[in-house]
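Inside the fold
One-letter residues, chain by chain:
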Amino acid sequence: MSKHGITRRKVLRNGAGVVAATAVGAPMVHAQGTSGSLRFAFWDHWVPGGNDALKELAQRFGEQNRVNMTLDFINTTGNQLQLTIAAQAQSRSGHDGISLLPWDPGTYADQLEPCDDVMQRLSAKYGPVNPVAEFLAKRGGAWRGVPATAGTQAKPACARFDLLKQHAGIDIREMWPAANRAGPGADRWTWDTFLTAAEACHKAGVPFGLPMGQFTDAVDWVGAVFLGYGARVTDERGNPTIRNNQELRQAIDYLVRLSRFLPNDVWAWDDASNNRALISGRSALIFNPPSAWAVAKRDAPQVAENCWTIPMPAGPKGRFLAYLPYVTGIWSFGRNKTAAKAFLEFITQRENAELCVNKSQGYDIPPFLSMSDFKAWETEGPPVGTIFNYPLKAHHQATYSIAFSPAPPELAQQMYLQALNTKVVARIAQGGESVDSALGWLEREINNMRRGG
């Protein structure tokens, strides 16, 4: 458990505000290249103990470089982190660096110090960066921060293997073993199979816990379904592709049918609701990083020991894995940008990224594709191997994704934040509109966004 006793469920239930870590570091002594003081604000981790890696790394960096380090951990409940970012950008004062939510590098690009030099060295050492992280963090031809390990997540399926086998006749551990290979039946793990399993578990009283509202968990998994069907609402230039789009109609039809087998209140669920559904034993499957499983280990061990993480199902156009990265930015008005860059480069080294993964019980996903082989994903349990398939691996035959790509980032951001994908489904499934009417609404919304309306 973390020093502050904060878990994802407790934070969202209690509405806690800013949480500050104790300052750590050594006396300030000038050193070549890095010296003085640094203040960083990081996202406050959902997983108990998830902040410990950054505290340890900051202390080590400070002692090695004679920099006085102060870390603050700020949660996203009540938009606390978002409000802090906005306030510091407006006042041009605050921390030297700060955790940025996925779309923030574009929003604050003009006030963020380019980090091309850091990313060039890291890429030369570790190879390609996750393309979604690059899509989000690189604006105007420049890296507006360093893609983070801490807090970055993927959202595969976290499933109760006992319930799926009992009620749907699917052995997901046989399909997706804790090994670098697909097992028997993995090729049948499609959205059609998923629908059949969802119906069976719904009838058994343990429905899949899939949010359909306007929070990120909902937008992300629905976005992966869209891409799996080849359903894009715009082209690369942002032009709407709604009319005569059969792939889009197929994806929406599928989601409307699937929604009938979900809890009635999923349209109002937030990003904690699916976690609660799994931990309470009321749900057979959610799309989520291992935070729900990690809390269940402590609060509901009988649930945790029956959980197994597997890839998202495949659609007619492939398998996509929802991915949501944090980026750590350095303010252009910061006082110690050289030291700040050195610190970000330090915490992104392979061994330090692995420390973040270990302390987060496998939750954190490093930005470099070459770092998908850390031992924690093999050894974490119970049961051992439960999160082996959490990061994307070659045998998954999948692609990391974010909803509304390949639209231009500025437009994709608006569509994402307005949750247009879940809203268009809700207008049909919940509001009773025809598909044509809902798609007409969607096209108008996109055109209004393009016009700045």
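Residues numbered from 1 in each chain as written. Predicted model: local features only at pLDDT ≥ 70, side-chain atom pairs only at ≥ 80, totals over all residues. Heavy atoms only, no water.

**Points about the pairing of strand 10 (residues 157-160)**
- Across the two faces of strand 10 the burial is the same, with Ala157 and Ala159 and Cys158 and Arg160 all buried.
- Judged from the three bridges that link them, strand 10 and strand 11 (residues 285-287) form a sheet pairing that is antiparallel. Note that in strand 11 the partner of alanine 157 across the bridge is phenylalanine 287.
- With four bridges connecting them, strand 10 and strand 12 (residues 307-310) associate as antiparallel partners. Pairing of alanine 159 across the sheet is with tryptophan 308, part of strand 12. (Buried < 20%, exposed > 50% of the residue type's maximum accessible area, 1.4 Å probe, protein only. Helix = DSSP H or I, 4+ residues; strand = E, 2+ residues; numbered from the N terminus. Pairing = 2+ DSSP bridges.)

**Comments concerning the packing of helix 18 (residues 409-417) against helix 20 (residues 435-450)**
- The contact between helix 18 and helix 20 brings their axes to 10 Å, and the two run at 130°. Relative to helix 20, the element helix 18 is oriented oblique. The two elements helix 18 and helix 20 cross, and the hand of that crossing is right-handed. Across the interface between the two elements, Leu411, Gln414 and Met415 of helix 18 pack against Ile446, Met449 and Arg450 of helix 20.
- Its residues placed into classes, the contact of helix 18 with helix 20 shows four nonpolar, one polar and one charged. (Axes fitted to C-alpha atoms, helices over the stretch in contact; angles between N-to-C directions. Parallel < 35°, antiparallel > 145°, perpendicular 65-115°, else oblique. Left-handed = near helix turned anticlockwise from the far one by under 90°. Contact = heavy atoms within 4.5 Å. Nonpolar A, V, L, I, M, F, W, Y, C, P; charged D, E, K, R; others polar.)

**Some details on the domain arrangement of the protein chain**
- Segmenting the protein chain into domains produces domain 1 (36-152 + 325-373) and domain 2 (155-323 + 380-450).
- If you average the C-alpha positions of domain 1 and of domain 2, the two centres end up 27 Å apart.
- Taken together, the contact pairs 22 residues of domain 1 with 26 residues of domain 2.
- Together, the buried faces of domain 1 and domain 2 total about 1900 Å²; carbon and sulfur atoms form 68% of this surface.
- Contact with domain 2 buries area across many residues of domain 1, yet Trp103, Phe135 and Gln361 alone supply 34% of it, more than any other trio. (Domains from an automatic or database assignment. Buried area = accessible area lost by both parts, 1.4 Å probe.)

**Focus on the side chain of histidine 396**
- Of note, histidine 396 is situated in the loop between helix 17 (376-379) and strand 16 (398-401).
- Not counting chain neighbours up to four residues away, the residues in contact with histidine 396 comprise Trp176, Pro311, Arg319, Asn389 and Pro391.

**Here's the deal with the pairing of strand 3 (residues 36-43)**
- Judged by how many residues are buried, strand 3 sits mostly within the fold: six of eight residues are covered.
- Remark: the strand 3/helix 2 (residues 52-65)/strand 4 (residues 67-74) crossover connection has right-handed handedness.
- Of the strand pairs in this sheet, strand 3 and strand 5 (residues 97-100) are connected by two bridges, and their pairing is parallel. Within strand 5, the residue paired with alanine 41 across the bridge is isoleucine 98. (Right-handed = clockwise from strand over helix to strand, strands pointing away.)

**So, the side chain of asparagine 75**
- Looking at where asparagine 75 falls in the secondary structure, it is placed in the loop between strand 4 and helix 3 (80-91).
- Note on asparagine 75: relative accessible area 0%, which makes it buried.
- A polar contact is formed between the side chain of asparagine 75 and the backbone nitrogen of threonine 77, at a distance of 3.0 Å. (Polar contact = N/O pair within 3.5 Å; in protein donor to acceptor, adjacent residues only side chain to side chain.)

**Observations regarding helix 5 (residues 116-126)**
- Taken together, the buried positions of helix 5 are occupied by Val118, Met119, Leu122 and Tyr126. Seen from one end, helix 5 has its buried residues packed into an arc of 90°, which puts them on one side. Turned more than 90 degrees away from the buried face of helix 5, the exposed residues are Gln120 and Ala124.
- On the buried face of helix 5, the contacting elements are strand 7 (142-143), strand 8 (146-147), helix 15 (337-347) and helix 16 (350-359). (Arc of directions from axis to C-beta.)

**Overview of the packing of aromatic side chains**
- Tallied over the full model, the rule gives 24 aromatic pairs.
- Taking 5.5 Å as the distance between ring centres and 55° as the angle between the ring planes, the aromatic pair formed by tryptophan 103 and tyrosine 416 counts as tilted. Placement of the pair is tryptophan 103 in the loop between strand 5 and helix 4 (104-107) and tyrosine 416 in helix 18, with a sequence separation of 313 residues. As far as burial versus exposure is concerned, tryptophan 103 and tyrosine 416 are alike and both buried.
- Through a chain of ring-to-ring contacts, the aromatic side chains of Trp189, Trp191, Phe194, Phe208, Trp221, Tyr229, Tyr254 and Phe287 assemble into a single cluster.
- Above the plane of the ring of tryptophan 308 lies arginine 173, whose end atom (NZ or CZ) is 6.0 Å from the centre.
- Taking the ring centre of phenylalanine 388 as reference, the NZ or CZ of lysine 393 above it sits at 3.4 Å. (Phe/Tyr/Trp six-rings, centres within 6.5 Å; stacked < 30°, edge-to-face > 60°. Lys NZ or Arg CZ within 6 Å of the ring centre and 35° of its normal.)

**Examining unusual backbone geometry**
- Proline 382 connects to proline 383 through a cis peptide bond whose omega is -15°.
- With respect to the helices and strands, the residue proline 383 is situated in the loop between helix 17 and strand 16.
- Put simply, serine 405 and proline 406 share a cis peptide bond, and its omega is 15°.
- Tracing the backbone shows proline 406 in the loop between strand 16 and helix 18.
- With phi around 55°, arginine 66 is a residue other than glycine that occupies positive phi space.
- A positive phi angle, close to 60°, is found at asparagine 79, a residue other than glycine.
- Tracing the backbone through its elements, the reader meets asparagine 79 in the loop between strand 4 and helix 3.

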